[in-house]
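# What the coordinates show
Given next are the chains, with one letter for each unit.
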Amino acid sequence: MSVAPTKPLPYAPSLETPDPDEEQLFAELAETMLSISARTWEDGGHALRSVHAKSHGLLLGRLDVLDELPAELAQGLFARAESYPAILRLSTTPGDLLPDSVSTPRGLAVKVLGVTGERLPGSEGQATQDFVMANAPVFSAPDARSFLKTLKLLAATTDRAETAKTALSATLRAAERVVEAFGGESATLKTLGGHPATHILGETFYSQAALRHGDHVAKLSVVPVSPGLTALTGAPLTVAGRPDSLREAVVEYFREQDAVWELRVQLRTDADRMPVENAGVRWPEEFSPYRTVARITVPPQTAWSEERSRAGDDRLSFSPWHGLAAHRPLGSIMRARRMAYARSAEFRMERNGCPMREPAAGFRLPG
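The structure presented is a predicted model; accordingly, all values stated were derived computationally and were not measured.

### Structural notes on the overall build of the protein chain
- Summing up its helical and strand segments, the protein chain has 8 helices and 9 strands in all.
- Burial statistics for the protein chain: of 367 residues in total, 55% are counted as buried.
- Intrachain contacts of the protein chain at a sequence separation of at least 6 include 78% that bridge at least 24 residues.
- Accessible area for the protein chain stands at about 15,700 Å²; split by element, carbon and sulfur atoms hold 53% of it.

### Considering the confidence of the model for the protein chain
- The share of residues in the protein chain with pLDDT of 70 or more is 89%, and the mean pLDDT across the chain is 90.
- Counting contacts from residues 161-186, a segment whose pLDDT is below 50, to residues more than four positions away or on other chains yields 43 contacts.
- Within the model, pLDDT remains below 50 along residues 188-193, and this stretch shows 23 contacts once partners closer than five positions in the same chain are excluded.

### Looking at the pairing of strand S8 (residues 259-267)
- When you tally the buried positions in S8, you get 8 out of 9 residues, the bulk of the element.
- Bridge count between strand S7 (residues 216-224) and S8: 7 bridges; the pairing is antiparallel. Within the sheet, the bridge partner assigned to Ala218 lies in S8 and is Leu267.
- Of the strand pairs in this sheet, S8 and strand S9 (residues 291-298) are connected by 7 bridges, and their pairing is antiparallel. By the bridge assignment, Glu262 is partnered in S9 with Arg295.

### Things to note about the side chain of His52
- Summarising the element assignment, His52 is placed in the loop between helix H1 (22-44) and strand S1 (54-65).
- Here His52 falls in the buried class, since its relative accessible area comes to 18%.
- Side chain to side chain, His52 and Ser91 meet in a polar contact 2.8 Å long.
- Contacts of His52, omitting those with residues within four sequence positions, involve Arg89, Ser91, Thr92, Thr93, Pro94, Arg106 and Gly107.

### Here we look at the packing of H1 against helix H8 (residues 332-352)
- Where H1 contacts H8, the two axes come as close as 9 Å, and the packing angle between them is 35 degrees. Relative to H8, H1 is oriented so that their crossing is right-handed. Contacts between H1 and H8 involve Glu22, Glu23, Phe26, Ala27, Leu29, Ala30, Glu31, Met33, Leu34, Ser37, Ala38 and Trp41 from the first element and Ser332, Arg335, Ala336, Met339, Ala340, Tyr341, Arg343, Ser344, Phe347 and Arg351 from the second.
- Grouping the amino acids of the contact of H1 with H8 by side-chain chemistry returns 13 nonpolar, 3 polar and 6 charged.

### Notes on helix H6 (residues 245-254)
- In terms of burial, H6 is a largely internal element, 8 of the 10 residues being buried.
- Among the residues of H6, Ser245, Leu246, Arg247, Ala249, Val250, Val251, Tyr253 and Phe254 are the ones counted as buried.
- Buried residues along H6 sit in contact with S1, strand S2 (83-92), strand S3 (106-113), helix H5 (227-230), S8 and S9.

### Side note on the pattern of salt bridges
- In the structure shown here, the tally under the stated rule is 22 salt bridges.
- Linking Lys111 and Asp130 is a salt bridge whose minimum nitrogen-to-oxygen distance equals 2.9 Å. Highlighted residues: Lys111 in strand S3 and Asp130 in strand S4 (residues 128-134), separated in sequence by 19 residues.
- In this structure Lys111 comes out as buried when scored by relative accessible area, which is 0%.
- Residue Asp130 is classed as buried on the basis of its relative accessible area of 1%.
- Where Glu277 meets Arg335, a salt bridge forms, and the shortest distance between an N and an O atom there is 3.0 Å. Of this pair, Glu277 sits in the loop between S8 and S9 while Arg335 sits in helix H8, placing them 58 residues apart in sequence.
- The exposure class of Glu277 is buried, given its relative accessible area of 18%.
- Overlapping salt bridges bring together Glu16, Glu22, Glu277 and Arg335 as one network.

### Focus: the packing of aromatic side chains
- Applying the stated criterion across every chain yields a total of 4 aromatic pairs.
- Look at Phe78 and Phe131: their rings are 6.4 Å apart centre to centre, the planes differ by 15 degrees, and that puts the pair in the stacked class. Within this pair, whereas Phe78 is found in the loop between S1 and S2, its partner Phe131 is found in strand S4, the two being separated by 53 residues in sequence.
- The aromatic ring of Trp304 is capped on one face by Arg247, whose charged end is 3.7 Å from the ring centroid.
- Its guanidinium or amino end placed over the ring of Trp41, Arg351 lies 5.0 Å from that ring's centre, counting from NZ or CZ.

### What to know about helix H2 (residues 144-157)
- Spanning 14 residues, H2 covers 20 Å between terminal C-alpha atoms, matching the ideal 20 Å at 1.5 Å per step.
- Taken together, the buried residues of H2 touch H1 and H8.

### Examining empty space enclosed by the protein
- Scanning the entire structure with this criterion turns up 4 cavities of 30 Å³ or more.
- Every residue along the wall of the largest cavity is listed here: Gln129, Asp130, Phe131, Val132, Ser207, Leu211, Pro320, His327, Pro329 and Met334.
- When grouped by side-chain class, the residues that make up the lining of the largest cavity number 6 nonpolar, 3 polar and 1 charged.

Reading the values: the criteria
- Residues numbered from 1 in each chain as written.
- Predicted model: local features only at pLDDT ≥ 70, side-chain atom pairs only at ≥ 80, totals over all residues.
- Heavy atoms only, no water.
- Helix = DSSP H or I, 4+ residues; strand = E, 2+ residues; numbered from the N terminus.
- Buried < 20%, exposed > 50% of the residue type's maximum accessible area, 1.4 Å probe, protein only.
- Contact = heavy atoms within 4.5 Å.
- Areas by Shrake-Rupley, 256 points an atom, 1.4 Å probe, with all protein chains shown as cover.
- pLDDT = per-residue confidence, 0-100.
- Pairing = 2+ DSSP bridges.
- Polar contact = N/O pair within 3.5 Å; in protein donor to acceptor, adjacent residues only side chain to side chain.
- Axes fitted to C-alpha atoms, helices over the stretch in contact; angles between N-to-C directions.
- Left-handed = near helix turned anticlockwise from the far one by under 90°.
- Nonpolar A, V, L, I, M, F, W, Y, C, P; charged D, E, K, R; others polar.
- Salt bridge = Lys/Arg side-chain N within 4 Å of Asp/Glu carboxyl O.
- Phe/Tyr/Trp six-rings, centres within 6.5 Å; stacked < 30°, edge-to-face > 60°.
- Lys NZ or Arg CZ within 6 Å of the ring centre and 35° of its normal.
- Expected span 1.5 Å × (residues − 1).
- 1 Å grid on protein atoms, 1.4 Å probe; cavity = no way out; pocket = protein on both sides within 12 Å on 5 of 7 lines; lining within 4 Å.
- Points joined across faces, edges and corners; volume = space filled by probe spheres on them.

As structure tokens, this is what we get:
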């Protein structure tokens, strides 16, 4: 039986408790991420993202904030009913361009255009709000220090033994099916290549870590709600012999169909059960369910092309630090992203010779 939402706890800067040596830790994490980009650039002559390098869809749509939201939800970007252009990027987590038979967790980045209000440090003069999400409710590590250990392992295996990775992924998917058959789930198996081979458009995506929600604190989710999308939740996808099967499936879907997602907010209502610094803890939904604040609608379009990739992958960057002060990223993982994502974007811009600017409301993707 669900519990009615209790009063959301207030935001305060004191909710964050940075470690004394945190900047040094973040610098090491950023350098490790750059080592992934440097390796793929040396091999392919084109600079890629350190994580989420492979896009499967680059989409233009609209984010509509719902009318008459209760006061605790009507915060920041969602303070009033408004429609904004939005860019969506679907991806998978590795920093190298692997075939989709190496089945890894999926990501969704949303960039909302034409946003006004007090800005986060470093994003002054911009008019965008980014939300960076993945298809699991919690992050794979509790904090940046723990994540650095995993990242070093990924960096050591970047762009090596693609055939072995494919075989390992098949083994890990089988192991994950066994775990799930007994009612469990393994984030480790999925991260290493054991994610089920399912359609990416049926996924629910989560911010995983906390962020400010105006006067309060929240986590976010993006949930498929239109019939075409919900029919794809858990739908199997053939990946063997189809290195770009996810991309092909997204392109095929948007050739004739539209899509609608709901953007939902889970407010922080319990200090003990809903930590800010530990991104590996799932906030219990029985104490605070996700509640809808906006809808994202994407019409039929060319969801991916080489030309669109040059515009969307090479000339755009996504970071939770592109945004409003009212949606300040919170916790160790989020603070680490500020330096790491900025350096990754600088590396790609320098190596590829492509300037990056935050887009305005009239932005268009080719195709």
